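# Working through the structure, step by step
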Amino acid sequence: MQLAADNLTCVRGGRTVFAGLSFAVAGGEALVVTGRNGAGKSSLLRMIAGLVRIADGRLTLDGGEAEASVGEQAHYLGHHDALKTSLSVRENLAFWVEFLGGDRDKVTTALEAVGLAPLAGLPAAYLSAGQRRRLSIARLAAVERPLWLLDEPTSALDVQSQERLAGLMQAHLGKGGLIVAATHGPIGLAAPRELRLGAKG
């Protein structure tokens, strides 16, 4: 499996964020997207997820499902945690598992993977920022998708939670999955490839 971008151009609010961007990521590889604020890191991830229109260029996921778009084969973890505060931790994850077509039997295992199983019955309104982030990350463990798009994935996570996330990422790569992560710093992966936006040349 390979995610390939050919001469991508991103335009937001009438401004060209980046142009002529090409790269490829194969199964089992992680690509870390870096660059200054405003260089287009989040826009690139949202473009791959199908949330931002491609102004020019082409994006393909070779070896994926022919009938599904790239976005439909990806998990997108953005800056905002998509949670309903009135629902419990378990109910929030169960909703996403059902929405994404996953197996509800994996809800408990996914909560254990992010250290939230003891809080399964707690309303999401009472979670800390780090716990909310961990609940969003639990979607990655609960429903298998080949491509993970992670925007500042370690944000609000303590050291132990960062180590759990690193373990999930390594396991995903070990199964031939792909990761594209936007970050300003290390995310716990050993020697990932780097794509620096906004750099001359």
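Everything numeric here is computed off the predicted structure, so don't read it as measured data.

Criteria and thresholds
Residues numbered from 1 in each chain as written. Predicted model: local features only at pLDDT ≥ 70, side-chain atom pairs only at ≥ 80, totals over all residues. Heavy atoms only, no water. 1 Å grid on protein atoms, 1.4 Å probe; cavity = no way out; pocket = protein on both sides within 12 Å on 5 of 7 lines; lining within 4 Å. Points joined across faces, edges and corners; volume = space filled by probe spheres on them. Helix = DSSP H or I, 4+ residues; strand = E, 2+ residues; numbered from the N terminus. Nonpolar A, V, L, I, M, F, W, Y, C, P; charged D, E, K, R; others polar. Core = buried A, V, L, I, M, F, W, Y, C linked by side-chain atoms within 4.5 Å. Buried < 20%, exposed > 50% of the residue type's maximum accessible area, 1.4 Å probe, protein only. Contact = heavy atoms within 4.5 Å. Expected span 1.5 Å × (residues − 1).

## Digging into empty space enclosed by the protein
- What the rule picks out here adds up to 1 cavity of 30 Å³ or more.
- Estimated volume of the largest cavity: approximately 40 Å³.
- In this structure, the largest cavity is lined by Val114, Arg134, Ile137, Ser161, Arg164, Leu165 and Leu168.
- Per-element accounting of the lining of the largest cavity gives the leading share, 4 residues, to helix α5 (residues 159–174).
- Within the lining of the largest cavity, the residues separate by chemical class into 4 nonpolar, 1 polar and 2 charged.

## With respect to the nonpolar core
- Formed by 35 residues in total, the largest nonpolar core has its most connected members in Leu93, Leu111, Leu135, Ile137, Leu150, Met169 and Ile179.
- Counting only elements with at least two residues in this core, the list comes to β3 (30–34), α2 (89–99), α3 (107–113), α4 (129–142), β6 (147–151), α5 and β7 (178–182).
- If we skip the residues at most four places from it in the chain, Ile179 touches Val25, Glu29, Ala30, Leu31, Trp148, Leu150, Met169, His172 and Leu173.

## Description of α4
- Taking 1.5 Å as the rise per residue, α4 with 14 residues should run 20 Å; its terminal C-alpha atoms sit 20 Å apart, in good agreement.
- When you tally the buried positions in α4, you get 11 out of 14 residues, the bulk of the element.
- Every buried residue of α4 is listed here: Gly130, Gln131, Arg133, Arg134, Leu135, Ser136, Ile137, Ala138, Arg139, Leu140 and Ala142.
- Contacts from the buried residues of α4 go to β5 (74–77), α2, α3, β6 and α5.

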